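# Descriptive structure summary
Here is how the chains run, residue by residue.
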Amino acid sequence: MILSDIDIKKSMDNDELKNRPLFAKNIGPSSIDLRLGRIFKLPKNKRIIDLKRGEEEKDFERIDCFPGSSLLVPSHSFVLGSTLEYVEIPNNLVAKVEG
């Protein structure tokens with residue numbers, strides 16, 4: 001089931017779904033728009049990234065993109081990024097991140 005904007009707002013009012021900071025303009029008909037942060041991490045070695053195993057900081061190169069700058073991600077590459085928002089999702093919901 002996909003939550004409507006009304007259900008999203010209700011879940012947030014009940015403190016079940018958390019998204020901070022939240023701007024009303026970021027709530028769509030069935031989604032919440034997140035803003036991409038400025039910190040990215042690229043794996044130093046081309047290998048499989050196992051998130052369950054836990055990767056160490058030394059295995060990644062940190063890249064800070066400041067306003068006005070850009071990051072070119074080559075095709076078939078993998079980059080970790082963060083959002084400007086803090087998101088907490090209850091166990092009875094699933095999120096889908098696109099973009």
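That block above? That's the structure.
Let me begin by describing the structure that accompanies this report.

Reading guide: rules and limits
- Going along each chain's sequence as written, the residues are numbered from 1 onward.
- In keeping with the predicted nature of the model, local features appear solely for residues at pLDDT of at least 70, side-chain atom pairs appear and are counted solely at 80 or more, and the whole-chain, interface and lining totals rest on all residues.
- The basis for every side-chain value is the complete set of heavy atoms in the structure, and neither hydrogens nor water enter the calculation.
- Helix and strand definitions follow DSSP, with helices as H or I runs of at least four residues and strands as E runs of at least two, each counted in order from the N terminus.
- Atoms considered for the radius of gyration are the C-alpha atoms alone. The globule rule reads 2.2 Å times the number of residues to the power 0.38.
- Residue burial is assigned from relative accessible area. The probe radius is 1.4 Å, only protein chains are included, and a residue is buried under 20% of its type maximum, exposed over 50%, and partly exposed in between.
- Contact definition: two residues touch when any of their heavy atoms are within 4.5 Å.
- Surface accessibility follows the Shrake-Rupley procedure with a 1.4 Å probe radius. Residue values consider only the protein chains on display as shielding.
- Under this rule, positive means Lys or Arg and negative means Asp or Glu; His and the chain ends count for nothing.
- The atom standing in for a charge is NZ when the residue is Lys, CZ when it is Arg, CG when it is Asp and CD when it is Glu.
- Salt bridges are identified by distance alone: a Lys or Arg side-chain nitrogen within 4 Å of an Asp or Glu carboxyl oxygen.

### Quick notes on the overall build of the protein
Along the protein, the regular secondary structure elements total 1 helix and 5 strands. N-terminal to C-terminal, the α/β element order of the protein is α-β-β-β-β-β. On C-alpha atoms alone, the protein measures out to a radius of gyration of 16 Å, which is more than a quarter above the 13 Å that the 2.2 N^0.38 rule sets for 99 residues. With the principal axes as the frame, the protein shows a C-alpha extent of 45 × 35 × 20 Å. Looking at the protein as a whole, 20% of its 99 residues qualify as buried. A sequence separation of at least 24 residues applies to 54% of the contacts in the protein between residues at least 6 apart. As displayed, the protein offers around 8,200 Å² of accessible surface, 54% of which is attributable to carbon and sulfur atoms. The positive charge centre, built from 16 side chains, and the negative charge centre, built from 16, are 4 Å apart in the protein.

### Considerations on the pattern of salt bridges
As a working rule, side chains carrying opposite charge can pair if their charged atoms are close by. Throughout the structure, instances matching the rule amount to 6 salt bridges. The partner of R20 in a salt bridge is D15, and the shortest N-O contact between them spans 3.3 Å. The exposure class assigned to D15 is partly exposed, which follows from its relative accessible area of 42%. Among the ionic pairs, R62 bridges to D64, the shortest N-O distance being 3.1 Å. The exposure class assigned to R62 is partly exposed, which follows from its relative accessible area of 49%. When its relative accessible area of 29% is taken as the criterion, D64 is described as partly exposed. One network of salt bridges, in which partners are shared, links R38, R62 and D64.

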